[in-house]
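Below are the chains, spelled out letter by letter.
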Amino acid sequence: GLVSEGTLTVCSEIPYVPFEYVEDGEYTGFTMDLIREIAAGMGLETEIQQQGFEAIQGGTAVSAGMCDLSASSITITPERTERLLFRDPYYDSLQTLMVPKGSDIQGIDDLAGKRVGVQQTTTGAAYAQENARDAEIVEYPGDGELFQAIQGGSVDAVLQDIAVNTSHAKDGDFDVVEEYETDESYGFATKKDNTALIEEVNTQLAELRENGKYTEIYDKYFAE
């Protein structure tokens, strides 16, 4: 029942460093490395299809046959499990607030009257809407546009997942000033009736955890 025989076709919204991005013309990142190992364990090649996150988290990408599996740092939520089929998570995350170095914003309580950038239809956007009181929430389609917005001064802060904000802060121009415990976990997802595929993906993920390959990939991106 694969979109293309012998190949696991995967939808992902790119870039989302360090999980999914392009380097030297190749798709790479924690999620990309992990899904290639999973596909190899299933005896399949891997093909990456770029799709918008709305189509991915909304279930359109898999239900319309654009791909077999979505692998795009998708937080497992009750709303998404109504549209998508998940199994075991592969990464636990927090939300964070990032600001330009030297900013007077030191936490979410300082955001009144400020412009806060988020990625649309994400859990970070939902957290900002619920908790950033009196702030102007500005939504962008992807992390690429979101990071350009704070670089250009169009927003005063960015609220999104910890690993992504931390990656952006490595150049020294930005600081991650606050973390929010939101008990989020990322999962691979497929259409609701494709239990055979998701169970096999889950089996391969468990094998990677057991044989140490998961830890090897994790340390490559998050050892710091």
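One can find the structure itself at the top, above this paragraph.
Quantities reported herein were computed from a predicted structural model and do not represent experimental measurements. (Residues numbered from 1 in each chain as written. Predicted model: local features only at pLDDT ≥ 70, side-chain atom pairs only at ≥ 80, totals over all residues. Heavy atoms only, no water.)

A. Quick peek at helix H9 (residues 213-222). All buried positions along H9 are accounted for by Tyr214, Ile217, Tyr221 and Phe222. The buried residues of H9 occupy an angular sector of 105° when projected down its axis, which confines them to one face. Where H9 is buried, its residues contact strand S2 (21-23), strand S3 (26-28), helix H1 (30-41), strand S6 (91-100), helix H7 (162-169) and helix H8 (195-211). (Buried < 20%, exposed > 50% of the residue type's maximum accessible area, 1.4 Å probe, protein only. Helix = DSSP H or I, 4+ residues; strand = E, 2+ residues; numbered from the N terminus. Arc of directions from axis to C-beta. Contact = heavy atoms within 4.5 Å.)

B. Here's a closer look at the sheet that holds strand S7 (residues 115-119). Pairing in this open sheet of eight strands is mixed, and the strands run S4-S1-S5-S10-S6-S9-S7-S8 from one edge to the other. Both outer strands of the open sheet, strand S4 (45-50) and strand S8 (136-140), are each paired with one neighbouring strand and no more. On average, each strand axis in the sheet is inclined to that of its neighbour by 30°, with strand direction left out of account. As defined by bridge partners, strand S1 (residues 7-12) adjoins S4 across six bridges and the pair is classed as parallel. Across the sheet, Ser12 pairs through a bridge with Gln50, a residue of S4. (Pairing = 2+ DSSP bridges. Axes fitted to C-alpha atoms, helices over the stretch in contact; angles between N-to-C directions.)

C. Structural detail: the pairing of S6. Extensive coverage of S6 is indicated by the burial of eight of its ten residues. Pairing between S6 and strand S10 (residues 174-189): nine bridges, direction antiparallel. From the neighbouring strand, Thr96 faces S10, where its bridge partner is Glu179. Across four bridges, the pairing between S6 and strand S9 (residues 157-161) is antiparallel. Note on S9: the bridge partner recorded for Gln95 is Asp161.

D. Spotlight on the packing of aromatic side chains. On inspection of all chains with the given rule, the structure shows 19 aromatic pairs. Considering the side-chain rings of Phe30 and Tyr214, the 5.7 Å spacing of their centres and the 85° angle between planes classify their relative orientation as edge-to-face. On the criterion of sequence distance, the pair formed by Phe30 in helix H1 and Tyr214 in helix H9 is long-range, its members being 184 residues apart. The burial state of Phe30 is the same as that of Tyr214; both residues are buried. Here the aromatic residues Tyr16, Phe19, Phe30, Tyr90, Tyr91, Tyr186, Phe188, Tyr214, Tyr218 and Phe222 are joined through ring pairs into a cluster of three or more. Here the basic side chain of Arg209 rests over the ring of Tyr214, its NZ or CZ set 4.3 Å away from the ring centre. (Phe/Tyr/Trp six-rings, centres within 6.5 Å; stacked < 30°, edge-to-face > 60°. Lys NZ or Arg CZ within 6 Å of the ring centre and 35° of its normal.)

E. View of the environment of Val3. Assignment of secondary structure puts Val3 in the segment before S1. Separated by 128 residues in sequence, Val3 and Asn131 place their C-alpha atoms 41 Å apart.

F. Molecular detail of unusual backbone geometry. With an omega dihedral of 10°, the bond running from Ile14 to Pro15 counts as a cis peptide bond. Along the chain, Pro15 turns up in the loop between S1 and S2. Cis geometry marks the peptide bond from Val17 to Pro18; its omega dihedral reads 10°. Along the chain, Pro18 turns up in the loop between S1 and S2. For Ser73, which is not glycine, the phi torsion reads 50° and is therefore positive. By the element assignment, Ser73 lies in strand S5 (residues 69-75). Classification of Ser73 by relative accessible area gives buried; the value is 5%. Within the chain, Thr121 stands out as a residue other than glycine whose phi angle is a positive 60°. Its location among the elements puts Thr121 in the loop between S7 and helix H5 (123-131).

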